[in-house]
Amino acid sequence: MRRTCQWKCRDRTLACGSRTLIMGILNVTPDSFSDGGLYRFAPDAAAHALDMEADGAAIIDIGGESTRPGAAEVPADEELGRVIPVIRMLAGKTRCALSIDTTKARVARAALEAGCHIVNDISAGAADPEMLSVVRESGAGYILMHMQGTPRTMQQNPVYENVLEEVCRLLSDRSEACLAAGVAHEALALDPGIGFGKTVDHNLDLLAGLDRLAALGFPVVAGLSRKSFLGVLTGAGPSGRLAGGLAAMAFAAAHGAAVLRVHDVKESCDAARVVDILLAHEQDMKECRKS
Ligand code: YH5
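Description of the structure in this document. (Residues numbered from 1 in each chain as written. Predicted model: local features only at pLDDT ≥ 70, side-chain atom pairs only at ≥ 80, totals over all residues. Heavy atoms only, no water.)

## Digging into the overall build of the protein chain
Here is step 1 of the chain: Looking only at helices and strands, the protein chain has 10 helices and 10 strands in total.
Here is step 2 of the chain: A globule of 291 residues ought to have a C-alpha radius of gyration of about 19 Å, and the protein chain, at 18 Å, matches this closely.
Here is step 3 of the chain: Residue burial in the protein chain is summarised as follows: out of 291 residues, 54% are buried.
Here is step 4 of the chain: Taking the contacts inside the protein chain whose residues are at least 6 apart along the sequence as the reference set, 70% of them involve residues at least 24 apart.
Here is step 5 of the chain: When the accessible surface of the protein chain is split by element, carbon and sulfur atoms take 52% of a total near 12,800 Å². (Helix = DSSP H or I, 4+ residues; strand = E, 2+ residues; numbered from the N terminus. Rg over C-alpha atoms; globule rule 2.2 N^0.38 Å. Buried < 20%, exposed > 50% of the residue type's maximum accessible area, 1.4 Å probe, protein only. Contact = heavy atoms within 4.5 Å. Areas by Shrake-Rupley, 256 points an atom, 1.4 Å probe, with all protein chains shown as cover.)

What follows is the structure in structure tokens.
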């Protein structure tokens, strides 16, 4: 049975659990791993966001901080200069919820002022002590993602005793910290952080055990699109990972992911639609058998 809930993100309420929501990635960085520099200029980036909306995205995730493995930190002023013009162009022009992909409270605050609805924080609040109050005061939705280490060093030697247990524990602890800081339960979403300080086997453990994370009672976000583990499993480079990614996304959606963070919005929406219909059909058949 799929778990349904309402994800409250300021004036937007996103229905989770019956239709899988697609979050389109909008990288406003000069060096993104898989779409390097394509949307560095605000009008190009805004146009791409509107294309993703037309293709079925429910959320646009705007990032100006490079988080690929090995990446160095970006100063806040530079990040602001990349993302704020794009958010200003999109605010009021799209029905999509706008998400700011940042670990910095100052960037999150400015992005929310410019019209964002969600903060996507790959540090789960660990990078900036001010982040929780920015989220609480704005009423924004807040994605807590698990990461071991920092983007610069995380893939050097990730070690866990039990990766699924440890990721669930950390995200559960961070969600408790959010609630204690006054963030609403309905504002939170959890993300296992596929590829963030994880080997291929760690990623597989997390995907196969995703229901455990979903059982914590928050919507689960999963970012699988074009990631390295798909390359290891299929032998494909970043531009050849779509089919493998869609298979992994279908699996994740069937095992509790409510939101998929993707580059290829149209294809991901189609895959999500088919999984949603099959899961609903499976449920109907089970209920038929009962009565
Ligand atoms: C995520 O999973 N990921 S940025 C390496 C690639 C391809 C893609 C080697 N931000 C997530 O997308 N936020 C990123 O090829 C994220 N969840 C959330 N919530 C990394 C990325 C990527 C990295």
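There is more to say after this.
## Structural notes on the site of the ligand
Here is step 1 of the chain: In the vicinity of the ligand lie 17 residues, with Thr67, Asn120, Asp191, Lys227 and Arg261 positioned nearest.
Here is step 2 of the chain: At 2.8 Å, a side-chain N or O of Asn120 approaches a nitrogen atom of the ligand.
Here is step 3 of the chain: At a separation of 2.7 Å, a nitrogen atom of the ligand approaches a polar side-chain atom of Asp191.
Here is step 4 of the chain: Considering the ligand on its own, with 520 Å² of exposed area, one finds that the protein chains cover 94% of that surface. (Near = heavy atom within 4 Å. Polar contact = N/O pair within 3.5 Å; in protein donor to acceptor, adjacent residues only side chain to side chain.)

## Some thoughts on the pairing of strand 2 (residues 12-16)
Here is step 1 of the chain: Pairing of strand 1 (residues 5-9) with strand 2, which is carried by 5 bridges, proceeds in the antiparallel orientation. For Gln6, the partnering residue across the bridge sits in strand 2 and is Ala15.
Here is step 2 of the chain: Connecting strand 1 to the antiparallel partner strand 2 that follows it, the hairpin turn spans 2 residues, and Arg10 within it adopts a positive phi of roughly 50°. (Pairing = 2+ DSSP bridges.)

## Here's the deal with the environment of Ala76
Here is step 1 of the chain: Along the chain, Ala76 turns up in helix 2 (residues 76-90).
Here is step 2 of the chain: For Ala76, a relative accessible area of 16% puts it in the buried group.
Here is step 3 of the chain: Spatially, the C-alpha atoms of Ala76 and Ala111 are 12 Å apart, while their sequence positions differ by 35 residues.
Here is step 4 of the chain: When neighbours within four sequence positions are excluded, Ala76 is seen to be in contact with Lys104, Arg106 and Val107.

## A word on the packing of helix 5 (residues 163-180) against helix 6 (residues 200-208)
Here is step 1 of the chain: Packing of helix 5 against helix 6 brings their axes to within 9 Å, and their N-to-C directions diverge by 65°. With respect to each other, helix 5 and helix 6 are oriented roughly perpendicular. Crossing angle aside, the handedness with which helix 5 passes helix 6 is right-handed. Packed against helix 5, whose contacting residues are Val163, Leu164 and Val167, the element helix 6 presents His202, Asp205 and Leu206 at the interface.
Here is step 2 of the chain: Class assignment of the residues belonging to the contact of helix 5 with helix 6 gives a composition of 4 nonpolar, 1 polar and 1 charged. (Axes fitted to C-alpha atoms, helices over the stretch in contact; angles between N-to-C directions. Parallel < 35°, antiparallel > 145°, perpendicular 65-115°, else oblique. Left-handed = near helix turned anticlockwise from the far one by under 90°. Nonpolar A, V, L, I, M, F, W, Y, C, P; charged D, E, K, R; others polar.)

## As for the nonpolar core
Note that soluble globular proteins tend to have their nonpolar side chains buried in a common cluster.
Here is step 1 of the chain: Ranked by internal contacts, the top residues of the largest apolar core, which has 72 residues, are Leu26, Ile60, Ile62, Ile87, Val119, Tyr142 and Leu224.
Here is step 2 of the chain: Per-element tally for this core: the top contributor is helix 2, with 7 residues.
Here is step 3 of the chain: Within the second largest apolar cluster, 14 residues are counted, among which are Ile59, Ile143, Ala189 and Val221. (Core = buried A, V, L, I, M, F, W, Y, C linked by side-chain atoms within 4.5 Å.)

## Quick look at a negative patch on the surface
Here is step 1 of the chain: A contiguous patch of negative charge on the surface is contributed by Asp51, Asp55, Glu267 and Asp270.
Here is step 2 of the chain: When you line up the elements, Glu267 lands in helix 10 (residues 265-290).
Here is step 3 of the chain: On the basis of relative accessibility, which here comes to 35%, the residue Glu267 falls in the partly exposed class. (Patch = residues over 30% accessible without salt bridge, like charges linked within 9 Å, V, L, I, M, F, W, Y side chains within 5 Å. Salt bridge = Lys/Arg side-chain N within 4 Å of Asp/Glu carboxyl O. Lys, Arg positive; Asp, Glu negative; His and termini not counted. Charge placed at Lys NZ, Arg CZ, Asp CG, Glu CD.)

## Section: the pairing of strand 7 (residues 141-145)
Here is step 1 of the chain: Among the 5 residues of strand 7, 5 are classified as buried, and the element is accordingly described as predominantly covered.
Here is step 2 of the chain: Going residue by residue along strand 7, you find Gly141, Ile143 and Met145 tucked away on one face and Tyr142 and Leu144 tucked away on the opposite face as well.
Here is step 3 of the chain: With 4 bridges connecting them, strand 6 (residues 118-121) and strand 7 associate as parallel partners. For Val119, the partnering residue across the bridge sits in strand 7 and is Tyr142.
Here is step 4 of the chain: In this view, the connection linking strand 6 to its parallel neighbour strand 7 by way of helix 4 (residues 131-138) has right-handed handedness.
Here is step 5 of the chain: Taken together, the 4 bridges between strand 7 and strand 8 (residues 188-191) define a ladder with parallel strand orientation. Residue Met145 lies in a different strand from strand 8, and its bridge partner there is Asp191.
Here is step 6 of the chain: Assessed by its sense of winding, the connection that carries the chain from strand 7 through helix 5 to strand 8 is right-handed. (Right-handed = clockwise from strand over helix to strand, strands pointing away.)

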